[in-house]
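Residue strings, one per chain:
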Amino acid sequence: MIQSNFHDYPILKMASMPSVEVHFLSSEGHAHGVGETAVPLVIAAVANAVADAGGPPVRHLPVVSHGIEVA
C-alpha cells in the first residue's frame, strides 16, 4: 500500500510494538528533564514543515496566530 498522507498510514498498535529498553545514565553535567532538551528542535521542525507544505513562514508562536488552523 502506498500512503498519500498521514491519514492513511497504519498506526502501530501496542501488540505490534517491539520491546524497548530505556537506560538512564548518570552524569556530572547539569540536570535536565528527560526529553525537555528536544522541545526547541520540535518547534523548529514544525515551523519548517508548515513552510514546506506551502504555508506562511512561522516566525513566532503560537502557530495559530499565522492563520493556520489546528485540526
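Refer to the structure above for everything that follows.
Reading the values: the criteria
- Each residue is numbered by its place in its chain's sequence as written, counting from 1.
- The predicted origin of the model limits local features to residues at a pLDDT of at least 70 and limits the giving and counting of side-chain atom pairs to 80 or more, whereas totals for whole chains, interfaces and linings rest on all residues.
- Excluding hydrogens and water, the side-chain values take into account all heavy atoms of the structure.
- Secondary structure elements are defined from DSSP: runs of H or I of at least 4 residues count as helices, runs of E of at least 2 residues count as strands, and each element is numbered from the N terminus.
- Each residue is placed in one exposure class: buried if its accessible area under a 1.4 Å probe, protein chains only, is under 20% of its type's maximum, exposed if it is over 50%, and partly exposed if it falls in between.
- Computed by Shrake-Rupley with a 1.4 Å probe, the accessible areas treat only the displayed protein chains as cover when residues are assessed.
- A helix is expected to span 1.5 Å for every residue after the first.
- Definition of a polar contact: a pair of N or O atoms within 3.5 Å, with one able to donate and the other able to accept a hydrogen when the atoms are protein atoms, and with sequence-neighbouring residues admitted only if both atoms are side-chain atoms.
- Each patch is built from residues that are more than 30% exposed by relative accessible area and take part in no salt bridge. Like charges join if they lie within 9 Å; nonpolar side chains (Val, Leu, Ile, Met, Phe, Trp, Tyr) join within 5 Å.
- When a carboxyl oxygen of Asp or Glu is within 4 Å of a side-chain nitrogen of Lys or Arg, the pair counts as a salt bridge.

### A word on the overall build of the protein chain
- Within the protein chain, the regular secondary structure consists of one helix and zero strands.
- Looking at the protein chain as a whole, 4% of its 71 residues are labelled buried.
- Of the accessible surface of the protein chain, which amounts to about 6,900 Å², a share of 63% is contributed by carbon and sulfur atoms.

### Some thoughts on helix 1 (residues 39-52)
- Between its first and last C-alpha, helix 1 extends 20 Å over 14 residues, near the 20 Å set by a 1.5 Å rise per residue.
- Positive phi appears at Gly 54, one or two residues downstream of helix 1, with a value of about 100 degrees.

### With respect to the environment of Glu 21
- Positionally, Glu 21 belongs in the segment before helix 1.
- A distance of 3.1 Å separates the side chain of Glu 21 from the side chain of His 23, its partner in a polar contact.

### Structural notes on a nonpolar patch on the surface
- Taken together, the side chains of Leu 12, Met 17, Val 20, Val 22 and Phe 24 present a nonpolar region at the surface, about 550 Å² in accessible area.
- Its place among the elements puts Val 20 in the segment before helix 1.
- According to the relative accessible area criterion, Val 20 is exposed, its value standing at 54%.

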